[in-house]
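This is what each chain is made of:
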Amino acid sequence: MITKLTMYGSEIIPGIYVVKGKFADEFGFISSYVIVDGDTAAVIDPGTAGDPGKDTLEFVKHLGLNPKSDITTILCTHGHPDHIGGAGILKKATGASIMIHEDDAVLLSNPSEFIDSRLKLTFAGRMAMKVDRGPLRVNYRPVDPDRLLDRGDTIRIGDVSLRVIHTGGHSAGHCVFYDSARKVLFSGDEVNNFPNDPRKFYIDLSGSLAIRRSSLESLQKLDIEFLLPSHDVSHMMGEVSLQFREAADAILQFQDNVLSHLSARGSADLEQLVFDIQQARSIPIPTDAYSLFTTTLEACLQDLARAGLIRCNEGIWNPI
Ligand SMILES: [Zn+2]
């Protein structure tokens, strides 16, 4: 239901616009959302250091707003580079307050933390990520947040109220933003983070599949007519509950798969499990950013260990 098209962005529902960056292969489009009420505007997830970048500013000008005086808020659903990389540049151009949950704030002020602490990488993988120029590139301007978000906070943009819901599944500091008046949920990467296939997802080492599952369960209880993720297309009405169901099923399938591969082997290290799952093709694996799968698998194993289903002894995982 796009009501108005412009050069850079489109109005999804009155006062809520999407600005799409370039198509980024498996990541789909990286989208920023702009919420406008009168002469006040907020940007949700400014994107990478360059994308959508300037397009967001041009779009705001195109709407007749002044970026310096009218953009008051930059909201970050979480701290991954494809969501916050553009925050520093946008802050410089607008002076707006950057807001993020404290558990992901370090990624804003120290970009290399993403590579150093959030991904399961080999030495070669780490080197490759440092020079990567894809959506997860970490060559962005570090910036400190102006406000730390917490669950239950309300963000005001003119008369628009957004409720902050801390979900913490995709990454420890992930939040989604709910506009109850218009029944809109800005879901970031929490419901889905690769387009077109809810079975394809990743979480970082600070995230948790168990937490993601319970977050999806509670989000599903909200009255949502518009689900606006950062990468996929927007979902509306009946499609919304389908997205939630498929995303929750995908987590269960992932966990089941890992458990059955592990019991088939009796014991295995991470590399053996990656190999088995790859051979079996039982879980869709992002081909573009392979380390995201290894990272998700490691986080899943940690979760299953916390649930008392498996244990780890010097890097070797065993079923209990
Ligand atoms: Zn993410």
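Residues numbered from 1 in each chain as written. Predicted model: local features only at pLDDT ≥ 70, side-chain atom pairs only at ≥ 80, totals over all residues.

Right, let's get into the overall build of the protein chain. What the protein chain contains, in helices and strands, is 11 helices and 16 strands. Whereas a compact globule of 320 residues would reach a radius of gyration of roughly 20 Å, the protein chain reaches 19 Å, a difference of no more than 12%. In the protein chain, the share of contacts with a sequence separation of at least 24, taken over all contacts with a separation of at least 6, comes to 66%. (Helix = DSSP H or I, 4+ residues; strand = E, 2+ residues; numbered from the N terminus. Rg over C-alpha atoms; globule rule 2.2 N^0.38 Å. Contact = placed C-beta atoms within 7 Å.)

This part takes up the domain arrangement of the protein chain. According to the domain assignment, the protein chain contains domain 1 (4-248) and domain 2 (254-319). A class-by-class count of the residues in the side of domain 1 that touches domain 2 yields 9 nonpolar, 3 polar and 7 charged. (Domains from an automatic or database assignment. Nonpolar A, V, L, I, M, F, W, Y, C, P; charged D, E, K, R; others polar.)

The mixed open sheet is built from 6 strands, whose spatial order is S9-S10-S11-S12-S13-S14. Where the open sheet ends on each side, the last strands, each with one partner, are strand S9 (154-157) and strand S14 (235-236). Pairing geometry for strand S13 (residues 226-229) and S14, over 2 bridges, is antiparallel. Across the sheet, residue Phe-226 finds its bridge partner in S14, namely Met-236. (Pairing = 2+ DSSP bridges.)

A few words on helix H9 (residues 238-265). For H9, built from 28 residues, the straight-helix expectation of 40 Å at 1.5 Å per residue is met to within 8% by its first-to-last C-alpha distance of 41 Å. Looking at the residues trailing H9, positive phi occurs at Gly-266, about 90°. (Expected span 1.5 Å × (residues − 1).)

Attention now moves to the environment of Thr-294. Along the polypeptide, Thr-294 turns up in helix H11 (residues 291-306). Exposure remark for Thr-294: the 20 C-beta atoms within 10 Å place this residue in the buried category. Separated by 89 residues in sequence, Thr-294 and Leu-205 have C-alpha atoms that sit 10.0 Å apart. Residues contacting Thr-294, with those up to four places away along its chain left out, are Lys-120, Leu-270 and Val-274. (Buried ≥ 20, exposed ≤ 12 C-beta atoms within 10 Å, placed from the backbone.)

Okay, the nonpolar core next. The biggest cluster of nonpolar side chains holds 86 residues, and the ones touching the most others in it are Tyr-33, Val-34, Ile-35, Ile-74 and Leu-185. When residues of this core are assigned to domains, at least three map to each of domain 1 (4-248) and domain 2 (254-319). Ignoring any residue separated from it by four or fewer positions in sequence, one finds Tyr-33 in contact with Ile-16, Tyr-17, Val-18, Ile-44, Asp-45, Phe-186 and Leu-228. (Core = buried A, V, L, I, M, F, W, Y, C linked by C-beta atoms within 7 Å.)

The next thing to look at is unusual backbone geometry. Although it is not a glycine, Asp-45 adopts a positive phi angle of roughly 55°. Examined against the element boundaries, Asp-45 turns out to sit in the loop between strand S5 (40-44) and helix H1 (54-62). Judged by the 29 C-beta atoms lying within 10 Å of it, Asp-45 is buried. Here the phi dihedral of Glu-314 falls at roughly 50°; this positive angle occurs in a residue that is not glycine. Its location among the elements puts Glu-314 in the loop between strand S15 (310-313) and strand S16 (316-319).

Looking now at the packing of H9 against H11. Between H9 and H11, the least distance of the axes is 11 Å, while the angle of their chain directions is 80°. Taken as axis vectors, H9 and H11 run roughly perpendicular relative to one another. Contacts between H9 and H11 involve Phe-254, Gln-255, Val-258 and Leu-259 from the first element and Leu-297, Cys-300, Leu-301 and Leu-304 from the second. Residues of the contact of H9 with H11, tallied by class, amount to 7 nonpolar, 1 polar and no charged. (Axes fitted to C-alpha atoms, helices over the stretch in contact; angles between N-to-C directions. Parallel < 35°, antiparallel > 145°, perpendicular 65-115°, else oblique.)

Moving on to the pairing of strand S10 (residues 160-166). Here 4 bridges tie S9 to S10, and the two strands are oriented antiparallel to one another. What sits directly across from Arg-156, in S10, is Ser-161.

What follows covers the pairing of strand S4 (residues 29-37). For S4, a buried count of 7 out of 9 residues is recorded, marking the element as mostly surrounded by other parts of the structure. Pairing analysis gives 6 bridges linking strand S3 (residues 16-23) to S4, with the strands arranged antiparallel. When the bridges of S4 are listed, Tyr-17 appears paired with Val-34. What sits between S3 and S4 in their antiparallel hairpin is a turn of 5 residues, with Asp-25 showing a positive phi close to 50°. Relative to S5, S4 runs antiparallel, the two sharing 5 bridges. Within the sheet, the bridge partner assigned to Ile-35 lies in S5 and is Ala-42. Hairpin remark: S4 followed by S5, antiparallel, with 2 residues in the connecting loop; positive phi at Gly-38, about 60°.

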